[in-house]
Amino acid sequence: MSSVLRFMGRTAVVTGGAGGIGQEVCAAFAAQGAAVAVVDISREAVDAAVASLKADGAQVRGFVVDVRDAAAVAAMMASVHDELGGPHLLVTLAGGSLGTPRDLPDITPEDVDLVIDVNVKGTLYCVQAAVPFMADAGGGAIVTTSSIGGRQPSPVTGLPYATSKAAVVGLTKRLAREVGPRGIRVNAIAPGLFLTGRLQGMYDAMPERERREVLDAIPLDRFPAIREVVDPILFLSSDEASYITGIVLDVNGGRFMPS
Ligand SMILES: NC(=O)c1ccc[n+]([C@@H]2O[C@H](COP(=O)([O-])OP(=O)(O)OC[C@H]3O[C@@H](n4cnc5c(N)ncnc54)[C@H](O)[C@@H]3O)[C@@H](O)[C@H]2O)c1
């Protein structure tokens, strides 16, 4: 039972919590005893995610927040503290390529701003707002989201995305060093290609030859289930990872193997 309810008494904030990976992370935290704050930019998506979690009996609140807005992020974190306690756990999933083009000539300054603002600054604002509450609670765990596209040159995503997801690695390590003495662990997850709804459509539209190329680069020779990134995120958030901080956990079926 203890291994099943390993987050009992803790509050988890999940940004991008209404997204493809985020919803599954929220559900897994709730199933393992955590109170959950679902944070996302779309009212409709937050309401749907919260309704689904509540139907499964979760203690959950939804927050419609643009993570680029530092003041709104700080207000959200204070509301989480008042309504749910903590927060003790933070997973920053809000972000992505955000519909920006992949090829260099097509990228506008607005595209660059959007991807850097959400993926990098949004992550920074969230950790900055969460750390004081975690320190007051005696410690906590933060999982940030990099990507295989920030770990090696990926043909799937563009330059702003690669830049932002590499920056998340630097942010994660620097933060881990600063807040470790306060009992807060900070690690990054770097997923390979997980075919959430949006990406499944993109993959399905690719020619068979290109699809084969993508698959051939994965030693495990298959695409993962969403659970296969959710479980590593929960591991890094759990006491089972109590002596792990400042790492990047690559979850990619062997497509990228760091030395
Ligand atoms: N799915 C993959 O293959 C994959 C691979 C590597 C990294 N990632 C990363 O994992 C994270 C989640 O990916 P996903 O596949 O679940 O994508 P997704 O698009 O389904 O989810 C992202 C969520 O972030 C939210 N969001 C976007 N901008 C926001 C903002 N300004 N403020 C608050 N919320 C905002 C979106 O509304 C969405 O719900 C992203 O950071 C992505 O870059 C995903």
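Higher on the page you've got the structure.
The structure displayed is predicted, hence computed values, not measured ones.

What counts as what
- Residues numbered from 1 in each chain as written.
- Predicted model: local features only at pLDDT ≥ 70, side-chain atom pairs only at ≥ 80, totals over all residues.
- Helix = DSSP H or I, 4+ residues; strand = E, 2+ residues; numbered from the N terminus.
- Rg over C-alpha atoms; globule rule 2.2 N^0.38 Å.
- Buried ≥ 20, exposed ≤ 12 C-beta atoms within 10 Å, placed from the backbone.
- Contact = placed C-beta atoms within 7 Å.
- Pairing = 2+ DSSP bridges.
- Near = placed C-beta within 6 Å.
- Nonpolar A, V, L, I, M, F, W, Y, C, P; charged D, E, K, R; others polar.
- Axes fitted to C-alpha atoms, helices over the stretch in contact; angles between N-to-C directions.
- Parallel < 35°, antiparallel > 145°, perpendicular 65-115°, else oblique.
- Left-handed = near helix turned anticlockwise from the far one by under 90°.
- Core = buried A, V, L, I, M, F, W, Y, C linked by C-beta atoms within 7 Å.

Draft legend 1. View of the overall build of the chain. From N to C terminus, the chain includes eight helices and seven strands. For 259 residues, the compact-globule estimate of 2.2 N^0.38 gives 18 Å, and the chain sits close to it at 18 Å. When the 259 residues of the chain are sorted by exposure, 45% land in the buried category. Contacts in the chain between residues at least 24 apart in sequence constitute 71% of all its contacts with a sequence separation of at least 6.

Draft legend 2. Focus on the pairing of strand 1 (residues 11-15). A large share of strand 1 lies buried, amounting to five of its five residues. Side chains T11, V13 and T15 project from strand 1 onto one buried face, and the interleaved A12 and V14 project onto a second face that is buried too. Relative to strand 2 (residues 35-40), strand 1 runs parallel, the two being bridged by five bridges. Within strand 2, the residue paired with V14 across the bridge is V38.

Draft legend 3. Spatial organisation of the site of the ligand. Lining the immediate environment of the ligand, one finds 29 residues, of which G16, G19, G20, I21 and G95 sit closest. At the level of secondary structure, the elements contributing two or more residues to the shell around the ligand comprise helix 1 (20-31), helix 4 (109-136) and helix 6 (197-204). Among the elements that line the shell around the ligand, the one with the most residues is helix 1, at three residues. Its residues assigned to classes, the shell around the ligand comprises 13 nonpolar, twelve polar and four charged.

Draft legend 4. Broad picture of the environment of V186. Residue placement: V186 occurs in strand 6 (residues 184-191). In this structure V186 comes out as buried when scored by C-beta crowding, with 26 C-beta atoms within 10 Å. With 120 residues separating them in the primary sequence, V186 and D66 have C-alpha atoms 22 Å apart. Discounting residues that sit within four places of it in the chain, V186 has contacts with I142, T172, L175, A176, V179, T245 and G246.

Draft legend 5. Just the packing of helix 3 (residues 70-84) against helix 4, in detail. The contact between helix 3 and helix 4 brings their axes to 9 Å, and the two run at 30°. Considered as vectors, helix 3 and helix 4 are oriented roughly parallel to each other. Crossing of helix 3 against helix 4: the hand is right-handed. Residues A70, V73, A74, M77 and H81 of helix 3 pack against Y125, C126, A129, A130 and F133 of helix 4. When its residues are assigned to classes, the contact of helix 3 with helix 4 shows nine nonpolar, one polar and no charged.

Draft legend 6. The nonpolar core, seen in detail. By size, the foremost hydrophobic cluster in this structure holds 68 residues, and its most contacted members are V14, V25, V36, V38 and A130. No other element matches helix 4, which puts ten residues into this core. Contact partners of V38, with chain neighbours within four places excluded, come to V14, G17, A18, C26, V46, A49, V50, V60, G62 and F63.

Draft legend 7. Quick peek at the sheet that holds strand 2. Strand order in the open sheet formed by seven strands is 3-2-1-4-5-6-7, and the pairing between neighbours is parallel. Both edges of this open sheet fall to strand 3 (60-64) and strand 7 (248-251), since each of them pairs with a single strand only. The mean angle between the axes of side-by-side strands here comes to 15°, regardless of whether they run parallel or antiparallel. Bridge count for strand 4 (residues 89-92) against strand 5 (residues 140-145) is four bridges, and the pairing is parallel. Of the residues in strand 5, the one forming a bridge with L89 is A141. Lying on the sheet, helix 2 (residues 43-55) is in contact with strand 2 and strand 3; it crosses strand 3 at an angle near 175°.

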